[in-house]
Amino acid sequence: MNGEALIDVRGLKKHFAVNRGFLSHHAEGTVKAVDGVSFTIYRGETLGLIGESGCGKSTLSRMLIGLSESTEGEIFFRGRKVDKRTINEIRTSMQMVFQDPYSSLDPRMCMRRIVEEPLRIHTHLSRAEKLERILPLVKQLGFSEDDLKKYPHEFSGGQRQRIGIARAFVLGPEFIICDEPVSALDVSIQAQILNLFRELQREKGVTYLFISHDMSVIKHVSDRIAVMYLGRIVELAGKNELFSDTLHPYTKALISSIPIPDPRIHTDMKPLEGELPSPLNPPSGCPFRLRCGKAMDICSSSVPQLREIRKGHYAACHLFDGDAGLC
Amino acid sequence: MERILAIRGLKTYYRAKNRIVPAVDGVDLDLEKGEMLGIVGESGCGKSTVARSVIGLIDRSYTEIAGGTAVFDGMDLLHLPPKEMNRIRGARISMIFQNPLTSLNPVYTIENQITEILSVHTDMNKEEKHRRCIELMKMVGIPAPESRLKDYPHQLSGGMQQRVLIAIALACNPDIIIADEPTTALDVTIQAQILQLIRSINREHGMSMILITHNMGIVAQMCGRIMVMYGGVCVEEGTTMEIFTSPLHPYTEGLLRAIPSIADDKEELFSIPGTVPRFTYPVSSCRFAGRCPYSERGCTESEPPLIEMENGRKVRCFRYMEKEAAL
């Protein structure tokens, strides 16, 4: 992928202190929710982020959008470092679409107020101007002008998700984080929303970070895919390379775990043994080694770093220590 | 093959404020001994209501079984006195629910909850129950069961909680297990483990199972026969191979085309337009007519009957009737 970097993340970490009891402030340990993550998102692309629950993908997205402060590391947006002073200037360029279309819309606001809210906060447009701004957008998303008076409960799940999308697009952002935007929806509605994301991207040239736990959805929407495990990116590659030339054993396991919707193709569904280890007490060395079929001695002593194994294809695994040609 | 459960014309209606919602509106279903039958459909299509009606878990204060029979071992489950139903539910027909954390009681230990069902349905003494409990936990793959007996549900991971629920369902060696979205709340790698477990229970113990899910991948890999539901009725039924390779009903076709696939690269996903409408009793048109690409005038005038072919394949569509007539 060549192009201009829109977002550059370097060594980002988020550690949470865990207290012993709810009255005690004595820290029992730290949870390394995100532990040293670096990647680049290029303008106009969709970067897919996949991982199981608890791997830190939501924490990462919250830091990117400034909803949560990082413990360590830097984020650059359009080449400028994001910190407390600059975050407010770039807020209008970044938006988020949330997972649950039921809890992410205020039930006491009508659709018009919900979609206009970003304009109310960030601009000084008059009532009529605001309406003028949102009308073409909501019409494009399949609503009529009468719908603007309705409240969230009057809409179906798919329609609510489209209201959330309208709200995210109304300021004309450059970057949108989609945090599991279709996982609460039925298959037929999911397809409508996925097509809509694509159509809007083609038209407005926005950049997406698309988070999902569903491999087939990620494959469908992304240009490149990052796989996270226990707070780290373990593999990052273009989507076709990731699926045809999978490097990391965890990615392999993820792909083979998906039941394929075709009875002629037999998925052996060879399950990965064990479960995600507790982030409070992660294994030494490679976080994946306890579930990995190919674990070696070195895996318990040293943490593998994310390195470019083939052109544009990064993996963090000691199996490829020999192929260190490119970096 | 021996038929273990025969449902005929099941009608379950919900009474809403000023209308009657036909959640299940005339469903026939046969379950053979040792088979794994899949029921698929989107939320609100009535698939869970079928299961809950059979096992007597519907709230009679607003729900009414308006007709039909469900014959199991010579008894009609729909019209059984509550006392007799209690002897069957959990012992001879048991159920695995979707959300393991809300299905388990947070203030009782695992041992308590597994042995509870043995106390109700068997006359085992304390020692026997304890042994059976450990045996069950081993069977469902809980490592070191002796040390887990005194754990509370919140101390277990989602996958382990689901295994406990499966152990409870298996406790009395039931004839039928109904699994209602058993893996929807789980991550893919854990989902693969649980599906593997369910498959081995079906094969090794010859247990008949009904698997309810919205995931076409899961039915493709797990079930021999599938019933597709829409708007409270069966729209198509056949072997998994038939349904996936030559779907007859436009809804099934749409569902299959709407799934993003890992195997091929489609620019645009096919999507079924609109959303699942709300039905009010009585329904006098094809329930899918409003969203169907092939719908004609006749489709809104009366409801097509469920046509059964010689090989047991069923479909509910006027288009198919016409084709048949032309032949």
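## Notes on the overall build of chain B
Here comes step 1: When you go through chain B residue by residue, the secondary structure sums to 13 helices and 12 strands.
Here comes step 2: Relative to a compact globule of 327 residues, whose C-alpha radius of gyration would be 20 Å, chain B shows 21 Å and is just as compact.
Here comes step 3: Viewed in the frame of its principal axes, chain B has a C-alpha envelope of about 65 × 50 × 40 Å.
Here comes step 4: In chain B, once contacts between residues fewer than 6 apart in sequence are set aside, the share between residues at least 24 apart is 63%.

## Observations regarding the nonpolar core
Here comes step 1: Ranked by internal contacts, the top residues of the largest apolar core, which has 129 residues, are Ile165(A), Ile114(B) and Ile166(B).
Here comes step 2: For this core, the domains that each give at least three residues are domain 1 (3-92 + 172-326) and domain 2 (99-171) of chain B.
Here comes step 3: The residues contacting Ile165(A), other than those within four sequence positions of it, are Val97(A), Leu141(A), Ile193(A), Leu196(A), Phe197(A) and Leu200(A).
Here comes step 4: Judged by nonpolar contacts, the second largest core, of 33 residues, contains Ile4(B), Leu77(B), Met95(B) and Ile210(B).

## Overview of the domain arrangement of chain B
All names here are of chain B.
Here comes step 1: Per the domain assignment, the segments making up chain B are domain 1 (3-92 + 172-326) and domain 2 (99-171).
Here comes step 2: Of note, the centres of domain 1 and domain 2, computed from C-alpha atoms alone, are 30 Å apart.
Here comes step 3: Each partner contributes residues to the interface: domain 1 has 20 residues there, and domain 2 has 15 residues.
Here comes step 4: Here domain 1 meets domain 2 over a buried area of about 1300 Å², counting both sides, of which 70% is carbon and sulfur.
Here comes step 5: The three residues of domain 1 that bury the most area against domain 2 are Cys 172, Ile 194 and Leu 197, which together make up 37% of that side's buried surface.

## A word on the state of the cysteines
Here comes step 1: Summed over all chains, the structure comprises zero disulfides over all chains.
Here comes step 2: Looking at Cys317(A), it has no disulfide partner, and the nearest cysteine sulfur is the one in Cys292(A), 6.2 Å off.
Here comes step 3: With no disulfide of its own, Cys133(B) lies closest to Cys172(B) among cysteine sulfurs, the gap being 12 Å.

## Quick word on the pairing of strand S6 (residues 93-96) of chain B
Residues and elements named next belong to chain B.
Here comes step 1: Burial along S6 is two-sided: the face carrying Ile 93 and Met 95 and the face carrying Ser 94 and Ile 96 are both buried.
Here comes step 2: As defined by bridge partners, S6 adjoins strand S7 (residues 176-180) across four bridges and the pair is classed as parallel. Across the sheet, residue Met 95 finds its bridge partner in S7, namely Ile 178.

## Side note on the sheet that holds strand S8 (residues 207-212) of chain A
Residues and elements named next belong to chain A.
Here comes step 1: Strand order in this open sheet of eight strands is S6-S7-S8-S3-S9-S10-S12-S11, and the pairing throughout is mixed. Edge strands, defined here as strands with exactly one partner in the open sheet, are strand S6 (94-97) and strand S11 (307-310). For this sheet the average axis-to-axis angle between neighbouring strands, irrespective of direction, equals 25°.
Here comes step 2: Where strand S10 (residues 232-238) meets strand S12 (residues 313-315), two bridges bridge the pair, whose relative direction is antiparallel. If you follow Leu 236 over to S12, its bridge partner there is Tyr 314.
Here comes step 3: On top of the sheet, helix H9 (residues 249-257) reaches strand S3 (46-50), strand S9 (224-229) and S10; it is set at about 105° to S9, its chief contact.

## Quick notes on the interface of chain B and chain A
Here comes step 1: Each partner contributes residues to the interface: chain B has 45 residues there, and chain A has 44 residues.
Here comes step 2: Buried area between chain B and chain A, both sides added, is near 3700 Å², and the carbon and sulfur share of it is 56%.
Here comes step 3: Sorting the residues of chain B by area buried against chain A places Thr189(B), Gln221(B) and Ile262(B) first, and these three jointly supply 18% of that buried surface.
Here comes step 4: Linking chain B with chain A are one salt bridge, by the criterion used here.
Here comes step 5: The salt bridge involving Arg202(A) is made with Glu268(B); its shortest N-O contact spans 3.9 Å.

## Brief notes about the sheet that holds strand S5 (residues 75-76) of chain B
Residue and element names in this part refer to chain B.
Here comes step 1: On the basis of which strands lie adjacent, the open sheet formed by four strands has the order S2-S1-S4-S5 and antiparallel pairing. Single-partner strands in this sheet number two, and they are strand S2 (20-32) and S5.
Here comes step 2: Here two bridges tie strand S4 (residues 63-72) to S5, and the two strands are oriented antiparallel to one another. Along S5, the bridge assignment pairs Phe 72 with Met 75.
Here comes step 3: Sitting on the sheet, helix H1 (residues 47-55) touches strand S1 (3-15), S2 and S4, and the angle it makes with S1 is about 110°.

## Considering unusual backbone geometry
All names here are of chain B.
Here comes step 1: Tyr 281 connects to Pro 282 through a cis peptide bond whose omega is -10°.
Here comes step 2: The topology assignment puts Pro 282 in the loop between helix H11 (250-258) and helix H12 (297-301).
Here comes step 3: In this structure, Ala 144 is a non-glycine residue whose phi angle is positive, near 45°.
Here comes step 4: Along the chain, Ala 144 turns up in the loop between helix H5 (126-139) and helix H6 (145-148).
Here comes step 5: Even without glycine at this site, Glu 181 takes up a positive phi of about 50°.
Here comes step 6: The residue Glu 181 is located in the loop between S7 and helix H8 (188-204) in this model.

## Structural notes on the confidence of the model for chain A
Interpretation of the predicted coordinates at a detailed level should be avoided for regions scoring low in pLDDT.
Here comes step 1: When pLDDT is averaged along chain A, the result is 89, and 95% of the positions lie at 70 or above.
Here comes step 2: Taking the mean pLDDT of every element in chain A, the minimum, 84, falls on helix H2 (residues 87-90) of chain A and the maximum, 96, on S3(A).

## Re the pairing of S1(B)
Residue and element names in this part refer to chain B.
Here comes step 1: Relative to S2, S1 runs antiparallel, the two being bridged by 10 bridges. Its bridge partner being in S2, Leu 10 is matched across the sheet by Val 27.
Here comes step 2: Hairpin remark: S1 followed by S2, antiparallel, with four residues in the connecting loop.
Here comes step 3: Two strands pair when backbone bridges link them, and S1 and S4 are joined in this way by eight bridges, in the antiparallel orientation.

## Overview of the confidence of the model for chain B
Here comes step 1: In this model, chain B carries a mean pLDDT of 91, and residues with pLDDT of at least 70 account for 100%.
Here comes step 2: The ipTM value of the predicted complex is 0.83, and its pTM value is 0.88.

## What to know about the side chain of Ser222(A)
Residue and element names in this part refer to chain A.
Here comes step 1: With respect to the helices, strands and loops of the structure, Ser 222 is situated in the loop between helix H7 (215-221) and S9.
Here comes step 2: Polar side-chain contacts of Ser 222 include one of 2.8 Å to the backbone oxygen of Ile 218.
Here comes step 3: Residues in contact with Ser 222, not counting those within four places in the same chain, are Thr 46, Leu 47, Gly 48 and Lys 239.

## Regarding a nonpolar patch on the surface
Residue and element names in this part refer to chain A.
Here comes step 1: On the surface, a cluster of nonpolar side chains totalling about 210 Å² of accessible area is made up of Met 296, Ile 298 and Leu 319.
Here comes step 2: Within the secondary structure, Met 296 sits in the loop between H9 and helix H10 (297-301).
Here comes step 3: Of the residues examined, Met 296 reaches a relative accessible area of 36% and is grouped as partly exposed.

## Side note on the packing of aromatic side chains
Residues and elements named next belong to chain A.
Here comes step 1: For the coordinates displayed, the defined rule picks out 11 aromatic pairs over all chains.
Here comes step 2: Measuring from ring centre to ring centre gives 5.5 Å for Phe 197 and Tyr 208, while their planes differ by 90°; the resulting arrangement is edge-to-face. Of this pair, Phe 197 sits in helix H6 (residues 187-204) while Tyr 208 sits in strand S8, and the two are 11 residues apart along the sequence.
Here comes step 3: According to the relative accessible area criterion, Phe 197 is buried, its value standing at 2%.
Here comes step 4: In this structure Tyr 208 comes out as buried when scored by relative accessible area, which is 2%.

Cut-offs applied
Each residue is numbered by its place in its chain's sequence as written, counting from 1. By the order in which they are written, chains take letters starting at A while ligands take numbers starting at 1. Local features in this predicted model are restricted to residues whose pLDDT is 70 or higher, and side-chain atom pairs enter the listing and the counts only when it is 80 or higher, whereas totals over whole chains, interfaces and linings include all residues. Excluding hydrogens and water, the side-chain figures rest on all heavy atoms present in the structure. Secondary structure elements follow DSSP: runs of H or I of four or more residues count as helices, runs of E of two or more count as strands, with numbering from the N terminus. Restricting the calculation to C-alpha atoms gives the radius of gyration, and the globule rule supplies 2.2 Å times the number of residues raised to the power 0.38. Any two residues whose heavy atoms approach within 4.5 Å at even a single point are treated as in contact. Nonpolar core, defined: a set of buried Ala, Val, Leu, Ile, Met, Phe, Trp, Tyr and Cys residues in which side-chain atoms within 4.5 Å join the residues together. Each residue gets one of three labels from its accessible area relative to the maximum for its type: buried under 20%, exposed over 50%, partly exposed in between, using a 1.4 Å probe on protein chains only. As used throughout, domain bounds are those supplied by an automatic or database domain assignment. Buried area: the sum, over both parts, of the accessible surface (1.4 Å probe) that disappears when the two are put together. In plain terms, two cysteine sulfur atoms within 2.5 Å form what is called a disulfide here. Here a strand pair is declared whenever DSSP counts at least two bridges between the two strands. Axes here refer to lines fitted to C-alpha atoms; in helices the fit is confined to the stretch in contact. Angles between the N-to-C directions go from 0 to 180 degrees. Any Lys or Arg side-chain nitrogen found within 4 Å of a carboxyl oxygen on Asp or Glu counts as a salt bridge. Note on scores: pLDDT gives the predictor's confidence for each residue, bounded by 0 and 100. Each polar contact in these results corresponds to two N or O atoms within 3.5 Å; when the atoms are within protein, one needs to be able to donate a hydrogen and the other to accept it, and residues that are neighboring in sequence are counted only if both atoms are side-chain atoms. Like charges within 9 Å and nonpolar side chains (Val, Leu, Ile, Met, Phe, Trp, Tyr) within 5 Å are joined into patches, using only residues over 30% in relative accessible area that form no salt bridge. Where accessible areas are quoted, they stem from the Shrake-Rupley method and a 1.4 Å probe; at the residue level, only the protein chains shown are allowed to cover. Pairing of aromatic rings covers Phe, Tyr and Trp, the last counted by its six-membered ring, and requires centre-to-centre distances within 6.5 Å; plane angles under 30 degrees mean stacked, over 60 mean edge-to-face, and any other angle means tilted.

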